[in-house]
Amino acid sequence: MISKILMPTDGSPTAKKAVKYAAGLAKQLDATITLLSVIEIDLGAFFAQTVSAADSPTHLIEPMENYLKQTAELYLAEAETILKQNGVQSKKVIRSGHPVEVIIKEAIKSKVDVIVMGSHGKSALKAAMLGSVTFGVIHKDTKIPVLVVRK
Ligand code: ATP
Ligand code: MN
């Protein structure tokens, strides 16, 4: 019944814990995993708001975006290694945008059976509450089940 799993990760310790859980689950079920990282900072909008909408500093935006992408590539590769060690097939996806929207879109597009994600992410604040990305995914109007791995 479960043959495709979506594992969105921000590279945080809780997301890493969720990757390990997803690896074990996929191994048992002989399922495949899509690893997804969403780059959530819109640098164009950031500079437009803080400096000037007129002259967007592309010479700064490009290297910053590349840096964010590289960071994502690093933790996706790390996650892929864990999956490989478990004999689990996976693919890596990097997208830009609002994490909740992008996660749901990818889940529908790839027709996944379950989304596995961490209860928390990179933000150290609000540790008592569920992270806003996980909260958002759970509360979206979709039938796709979500498995939340605790901190
Ligand atoms: P908040 O972002 O609300 O301040 P937080 O960072 O602690 O709090 P979330 O961002 O909701 O919590 O992270 C929970 C889980 O959501 C992570 O463990 C990860 O699985 C997923 N996630 C969060 N951000 C991203 C992202 N940018 N790309 C992919 N997955 C993400
Ligand atoms: Mn977060």
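Above this text you will find the structure in question.
Residues numbered from 1 in each chain as written. Chains lettered and ligands numbered in written order. Predicted model: local features only at pLDDT ≥ 70, side-chain atom pairs only at ≥ 80, totals over all residues. Heavy atoms only, no water.

**As for empty space enclosed by the protein**
- Applying the stated criterion across every chain yields a total of one cavity of 30 Å³ or more.
- For the largest cavity, the calculated volume is near 50 Å³.
- Thr9, Gly11, Ala15, Lys16, Val19, Tyr75, Glu78, Ala79 and Ile82 together form the lining of the largest cavity.
- Of all elements in the fold, only α1 (13-29) and α3 (58-85) reach the threshold of two or more residues within the lining of the largest cavity.
- Its residues assigned to classes, the lining of the largest cavity comprises five nonpolar, two polar and two charged. (1 Å grid on protein atoms, 1.4 Å probe; cavity = no way out; pocket = protein on both sides within 12 Å on 5 of 7 lines; lining within 4 Å. Points joined across faces, edges and corners; volume = space filled by probe spheres on them. Helix = DSSP H or I, 4+ residues; strand = E, 2+ residues; numbered from the N terminus. Nonpolar A, V, L, I, M, F, W, Y, C, P; charged D, E, K, R; others polar.)

**Considerations on the site of ligand 1**
- Residues in contact with ligand 1 amount to 20 residues; listed here are only the nearest, Pro8, Val38, His120, Ser132 and Val133.
- With respect to ligand 1, the backbone of Thr9 contributes an N or O atom lying 3.2 Å from a nitrogen atom.
- Within the contact set of ligand 1, a nitrogen atom lies 3.5 Å away from a side-chain nitrogen or oxygen of Glu40.
- The fraction of the free accessible surface of ligand 1 (610 Å²) that becomes covered by protein chains is 92%.
- Comparing atom positions with the cavity grids shows ligand 1 to sit within the largest pocket.
- Listing elements by their share of the shell around ligand 1, those giving two or more residues are β2 (32-39), β4 (114-118) and α5 (132-139).
- Among the residues forming the shell around ligand 1, the class breakdown is seven nonpolar, nine polar and four charged. (Near = heavy atom within 4 Å. Polar contact = N/O pair within 3.5 Å; in protein donor to acceptor, adjacent residues only side chain to side chain. Areas by Shrake-Rupley, 256 points an atom, 1.4 Å probe, with all protein chains shown as cover. Sits in = over half its atoms within 2 Å of the grid points.)

This is a description of form; function is not addressed.
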